[in-house]
Amino acid sequence: MNTPDMRSLIDELAEDSAPVLPMRKGRGLGQALAAFVVTVAVVLVLLGVRAGLMEGEFSAFFVVTNLLLLLLGIACTLAVVAMASPRVGAEHDGPRWAMVMAAVIPVAGVVALAGHAGPVPYHWDEPLCVLFGLIAAVIAGSVQFRWLKHGAPVSPERAGLLLGTGAGALGTVAYGLSCPFNSVIHLGLWHAAPVIVAALVGRFVLARFLRW
Amino acid sequence: MVAPVTGDEATLARLMRAAQAGDRRAYTALLEEVARWLRRYFRRRIAPERIDDLVQDVLVSLHTKRATYDPARAFFPWLAAIARYRWLDHLRADYRGRTSELREDSAAEDSDEDVVIARVSLDRLFEKLPPTQAEVIELVRIEGCSIAEASERTGQSQSLVKVNIHRGLKKLSALVEKAN
């Protein structure tokens, strides 16, 4: 039996029963895909495509790095979109495996750095990859952040972590189409860094804005 | 005229879809049934005098987040996730007042929906906690014991009681959608 207070609340809520558009997964994924396409377009228009990309002039590690990051970005995006509509029984375990696989990238970078004989090759603009990767991540992740903000994530910390990781990975992939470097050391360090930074920002900063 | 509502999954999912489309009568019927369901859901997992507050919080959350229900999915797991989230908020809230002894809610009746409740229940969450954490959360945050009383009853030091409550609530937060 509902109390008078409860009755009154129900009446007030029902009074405000304006139609709402259900947050279907397909719509969220469509928006995330559109944001990624826009990110790629912005990178290519502003920074240009890397030399030799169309001719296949890139290292195998360049391909592996970007495919692993793309996989990580997709796995995180799928989880983030799903987390906006919570349900008991949801697992969201895909990103965990994608993270383990993507961890190969920085590990390879560190191993290559440690095993490098002689002075480590370094170009002054290599750290810019971190900056550009993060800027691209903001474009790729803003739509997902908005989706989560409108949604009802019941684990805001995890949602923030996956949002940051996914946006960082997708942003780095987009920027990677413009980056001229091929080496394991460069890709393993400067292209893993934006993902890690974005993940930390998502977990410790953005998560606070996802509480409801 | 809305037909009398039974709180089964199919009926509530249908009402929720209608509510998302702006059907006020369906929404009223849904909220009434959900309020009844929530009272049973929170039974023995929150002090009796706090149940109404908690149920009202969940109803408001359901209202503000009603767009997040995906009509292609089941209703109860969605509702239970929101209910758990708000329940954890209440457990986290500073709660020092003593409460009356937890008792059976005589108004609640068992039904077929108990099967659904069991599947998404709060007990399933507690089962995922180490017994030392679950025990002190129940004593302090649900029954309203002081830290000193919980320490005496469990044999844990007072600082350990606090640590276990903190760790337990943190773990519960990460398990809201799990423990199915």
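Look above for the structure.
Conventions used here
- Residues numbered from 1 in each chain as written.
- Chains lettered and ligands numbered in written order.
- Predicted model: local features only at pLDDT ≥ 70, side-chain atom pairs only at ≥ 80, totals over all residues.
- Heavy atoms only, no water.
- Helix = DSSP H or I, 4+ residues; strand = E, 2+ residues; numbered from the N terminus.
- Contact = heavy atoms within 4.5 Å.
- Lys, Arg positive; Asp, Glu negative; His and termini not counted.
- Charge placed at Lys NZ, Arg CZ, Asp CG, Glu CD.
- Buried < 20%, exposed > 50% of the residue type's maximum accessible area, 1.4 Å probe, protein only.
- Disulfide = S-S within 2.5 Å.
- Patch = residues over 30% accessible without salt bridge, like charges linked within 9 Å, V, L, I, M, F, W, Y side chains within 5 Å.
- Areas by Shrake-Rupley, 256 points an atom, 1.4 Å probe, with all protein chains shown as cover.
- Salt bridge = Lys/Arg side-chain N within 4 Å of Asp/Glu carboxyl O.
- Expected span 1.5 Å × (residues − 1).
- Buried area = accessible area lost by both parts, 1.4 Å probe.
- Polar contact = N/O pair within 3.5 Å; in protein donor to acceptor, adjacent residues only side chain to side chain.
- Phe/Tyr/Trp six-rings, centres within 6.5 Å; stacked < 30°, edge-to-face > 60°.
- Lys NZ or Arg CZ within 6 Å of the ring centre and 35° of its normal.
- Axes fitted to C-alpha atoms, helices over the stretch in contact; angles between N-to-C directions.
- Parallel < 35°, antiparallel > 145°, perpendicular 65-115°, else oblique.
- Left-handed = near helix turned anticlockwise from the far one by under 90°.
- Nonpolar A, V, L, I, M, F, W, Y, C, P; charged D, E, K, R; others polar.

Colleague: Summarise the overall build of chain A; cite the residues concerned and give the values.
Modeller: What chain A contains, in helices and strands, is 9 helices and 0 strands. Written out in order from the N terminus, the α and β elements of chain A read α-α-α-α-α-α-α-α-α. With respect to the three principal axes, the spread of C-alpha positions in chain A is 80 × 35 × 25 Å. Put simply, 87% of the contacts in chain A that link residues at least 6 apart link residues at least 24 apart. In chain A, which carries 13 positive and 12 negative side-chain charges, the distance between the mean positions of the two groups comes to 4 Å.

Colleague: Residues and numbers for the overall build of chain B, please.
Modeller: Counting its regular elements, chain B contains 9 helices and 0 strands. Listed N to C, the secondary structure of chain B is α-α-α-α-α-α-α-α-α in terms of helices and strands. For chain B, with 180 residues in total, the buried portion stands at 54%. In chain B, the proportion of contacts linking residues at least 24 apart, taken out of those at least 6 apart, comes to 74%.

Colleague: Residues and numbers for the state of the cysteines, please.
Modeller: Among covalent bonds in proteins, the disulfide is the one between the sulfur atoms of two cysteines. Residue and element names in this part refer to chain A. Counting across every chain of the model gives 0 disulfides over all chains. Just so you know, Cys-179 is unpaired, no disulfide at all, and the nearest cysteine sulfur is the one on Cys-129, 3.7 Å from it. Taking the relative accessible area as the measure of exposure, Cys-179 reaches 0% and is therefore buried.

Colleague: Describe unusual backbone geometry, naming the residues involved and giving the relevant values.
Modeller: Backbone geometry at His-92 of chain A places phi at a positive 55°, although glycine is not the residue there. With respect to the helices, strands and loops of the structure, His-92 of chain A is situated in the loop between helix 3 (60-83) and helix 4 (94-102).

Colleague: How would you sum up a nonpolar patch on the surface? Please name residues and give values.
Modeller: On the surface, Ile-196, Val-197, Leu-200, Val-201, Phe-204, Val-205 and Phe-209 of chain A cluster together into a nonpolar patch covering about 610 Å² of accessible area. Summarising the element assignment, Phe-209 of chain A is placed in helix 9 (residues 193-209).

Colleague: Any details on the pattern of salt bridges? Residues and values, ideally.
Modeller: On inspection of all chains with the given rule, the structure shows 12 salt bridges over all chains. One salt bridge in this structure joins Arg-7 of chain A and Glu-32 of chain B, with 2.1 Å as the shortest N-O distance. Taken together, the residues Arg-7 of chain A in helix 1 (residues 4-15) and Glu-32 of chain B in helix 2 (residues 24-41) connect one chain to another. Under the relative-accessibility criterion, Arg-7 of chain A is labelled partly exposed at 30%.

Colleague: I'd like to hear about helix 3 (residues 51-64) of chain B, residue by residue, with values.
Modeller: Compared with an ideal rise of 1.5 Å per residue, which puts 14 residues at 20 Å, helix 3 of chain B spans 20 Å between its outermost C-alpha atoms and is within 8% of the ideal. Along helix 3 of chain B, the residues classified as buried are Ile-51, Leu-54, Val-55, Gln-56, Val-58, Leu-59, Ser-61, Leu-62 and His-63 of chain B. Where the residues of helix 3 of chain B are buried, they touch helix 1 of chain A together with helix 2 and helix 4 (76-92) of chain B.

Colleague: Tell me about the interface of chain B and chain A, and please be specific about residues and values.
Modeller: With 42 residues of chain B in contact, the opposing surface of chain A contributes 41 residues. Together chain B and chain A conceal approximately 3700 Å² of surface at their shared face, both sides included; 58% is due to carbon and sulfur atoms. Its largest share of buried area at the contact with chain A, chain B owes to Lys-65, Tyr-85 and Glu-177 of chain B, together 19% of the area lost on that side. The interface formed by chain B and chain A contains 3 salt bridges. Where chain B touches chain A, the interface holds 17 residue pairs in polar contact (both at pLDDT 80 or more).

Colleague: Go over the packing of aromatic side chains with me, naming the residues and quoting the values.
Modeller: By the definition in use, this model includes 11 aromatic pairs over all chains. Here Phe-75 of chain B and Phe-76 of chain B contribute two aromatic rings whose centre-to-centre distance is 5.9 Å and whose plane-to-plane angle is 65°, an arrangement assigned as edge-to-face. When the ring centre of Phe-204 of chain A is taken as origin, the NZ or CZ atom of Arg-203 of chain A, which lies over that ring, is 4.7 Å away.

Colleague: Please give an account of the packing of helix 7 (residues 156-176) of chain A against helix 9 of chain A that cites residues and values.
Modeller: All names here are of chain A. Here helix 7 crosses helix 9 at 150°, and the two axes come no closer than 7 Å. Of the possible angle classes, the one that applies to helix 7 and helix 9 is roughly antiparallel. Note on packing geometry: the crossing formed by helix 7 with helix 9 is right-handed. Residues Pro-156, Glu-157, Gly-160, Leu-161, Leu-163, Gly-164, Thr-165, Gly-168, Ala-169 and Thr-172 of helix 7 touch helix 9, and the partners they reach there are Pro-194, Val-195, Ala-198, Ala-199, Gly-202, Arg-203, Leu-206 and Ala-207. Its residues placed into classes, the contact of helix 7 with helix 9 shows 10 nonpolar, 6 polar and 2 charged.

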